[in-house]
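# Coordinate inspection notes
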Amino acid sequence: HENFKKAIEYAYESRNKEFHTPEEVEKFITQLAATINQGITKEGVLIRQGEDSQKYPYTRVARLQNALRSFYQEFLAKLNDTTIDPIELSAWMEYKIDLTDHYFADGCGKVAKVMSAWVMMRNGHRAPDYTAGGKIKPENARSEYYQHAPKTIPGTNLEIEQEEWNQWLAYYKTLCSET
């Protein structure tokens, strides 16, 4: 909990940070992930490695480094696109970091939530409410969240992946209702 608190504080302090290169984005997100994982993962082990998950449809480990580089580039482009909806960008962050690519050895859900909160706060929005305004009991929020996770391994069926993204985005928007 202390690591997460430190990461949220760092994100808040950096809410107006401007990025000009994918490397700057990488440094920022890596710092958040390292803060969250301090004392949890082995020193120097931040990116997921080893065997592919048999339980979850994450990007395959062999493709992870390329996916991560693409993520930093795409995030930079989306961040600098003044027409993009912050809620959609926030949803995309959680989708990529936690649900599809799952970049980090541990703490992907926390990193995703800090990054989505960062996107929302820098745009004057509240962070997502994972209880959907009290419609979901707090003890059920995590399972509800993962019920909307994609079932398809990234890069295997673009049509199904687009449908899963659309379903995720619709669900995510219910978490960001200001009313």
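Above this text you will find the structure in question.
First, a word on scope: everything that follows refers to the structure included in this document. (Residues numbered from 1 in each chain as written. Predicted model: local features only at pLDDT ≥ 70, side-chain atom pairs only at ≥ 80, totals over all residues. Heavy atoms only, no water.)

### Concerning unusual backbone geometry
One non-glycine residue, His102, lies in positive phi territory at about 50°. With respect to the helices, strands and loops of the structure, His102 is situated in the loop between helix H4 (86–100) and helix H5 (108–122). One non-glycine residue with positive phi stands out, namely Ala132, at about 50°. One can find Ala132 in the loop between H5 and helix H6 (138–147). By relative accessible area, which is 12% here, Ala132 ends up buried. (Helix = DSSP H or I, 4+ residues; strand = E, 2+ residues; numbered from the N terminus. Buried < 20%, exposed > 50% of the residue type's maximum accessible area, 1.4 Å probe, protein only.)

### With respect to the side chain of Ser53
Along the chain, the position of Ser53 falls in the loop between helix H2 (22–37) and helix H3 (61–79). Separated by 3.2 Å, the side chain of Ser53 and the backbone nitrogen of Lys55 make a polar contact. The residues contacting Ser53, other than those within four sequence positions of it, are Tyr58 and Arg60. (Polar contact = N/O pair within 3.5 Å; in protein donor to acceptor, adjacent residues only side chain to side chain. Contact = heavy atoms within 4.5 Å.)

### Regarding the side chain of Glu164
Within the secondary structure layout, Glu164 lies in helix H7 (residues 158–175). Despite its burial, Glu164 pairs with no opposite charge; the closest candidate is Lys151, at 6.5 Å N-O. Of the polar contacts made by the side chain of Glu164, one reaches the backbone nitrogen of Lys151; its length is 2.9 Å. If sequence neighbours within four positions are ignored, Glu164 has contacts with Tyr95, Pro150, Lys151 and Thr152. (Lys, Arg positive; Asp, Glu negative; His and termini not counted. Salt bridge = Lys/Arg side-chain N within 4 Å of Asp/Glu carboxyl O.)

### A few points about the environment of Asn37
Mapped onto the elements, Asn37 comes out in helix H2. Through-space distance from the C-alpha of Asn37 to that of Ser177 is 30 Å; in sequence the pair is 140 residues apart. In this structure Asn37 touches Asn3, Leu46, Asp106 and Gly107, once residues within four positions along its chain are discounted.

### Notes on the pattern of salt bridges
In total, this model carries 5 salt bridges according to the counting rule given. Taking the shortest distance from any N to any O, the salt bridge between Lys78 and Glu74 comes out at 3.9 Å. Taken together, the residues Lys78 and Glu74, both in helix H3 and 4 residues apart, mark about one turn of the helix. A salt bridge links Lys96 to Asp101, with the shortest nitrogen-to-oxygen separation between them at 3.0 Å. Given the relative accessible area of 3%, Asp101 is considered buried.

### Looking at the packing of H3 against H4
In contact at an axis separation of 11 Å, H3 and H4 are set at 175° when each is read in the N-to-C sense. The pairing of H3 with H4 is recorded here as roughly antiparallel in orientation. Where H3 approaches H4, its residues Phe71, Glu74, Phe75, Lys78 and Leu79 are matched on the opposing element by Leu89, Trp92, Met93, Lys96 and Ile97. Among the residues making up the contact of H3 with H4, the classes are represented as 7 nonpolar, no polar and 3 charged. (Axes fitted to C-alpha atoms, helices over the stretch in contact; angles between N-to-C directions. Parallel < 35°, antiparallel > 145°, perpendicular 65-115°, else oblique. Nonpolar A, V, L, I, M, F, W, Y, C, P; charged D, E, K, R; others polar.)

### Overview of the nonpolar core
By size, the foremost hydrophobic cluster in this structure holds 49 residues, and its most contacted members are Ile29, Phe75 and Met115. Listed by contribution, the elements that provide at least two residues to this core are helix H1 (2–13), H2, H3, H4, H5, H6 and H7. Those residues in contact with Ile29, other than ones at most four positions away along the chain, are Phe71, Tyr72, Phe75, Met93, Phe104, Val111 and Met115. (Core = buried A, V, L, I, M, F, W, Y, C linked by side-chain atoms within 4.5 Å.)

### Notes on the packing of aromatic side chains
On inspection of all chains with the given rule, the structure shows 18 aromatic pairs. Both rings, one in Phe71 and one in Trp92, keep their centres 5.2 Å apart while their planes meet at 15°; by these two values the pair is stacked. Here Trp92 lies in helix H4 and Phe71 lies in helix H3, a separation of 21 residues in the sequence. Given the relative accessible area of 1%, Phe71 is considered buried. Both rings, one in Tyr145 and one in Tyr146, keep their centres 4.9 Å apart while their planes meet at 80°; by these two values the pair is edge-to-face. We classify Tyr145 as buried; its relative accessible area is 2%. An aromatic cluster is built from Tyr10, Phe19, Phe28, Phe71, Tyr72, Phe75, Trp92, Tyr103, Phe104 and Trp118, whose rings are joined through pairwise contacts. Directly above the ring of Trp92 sits Lys78, whose terminal nitrogen or CZ lies 5.1 Å from the centroid. (Phe/Tyr/Trp six-rings, centres within 6.5 Å; stacked < 30°, edge-to-face > 60°. Lys NZ or Arg CZ within 6 Å of the ring centre and 35° of its normal.)

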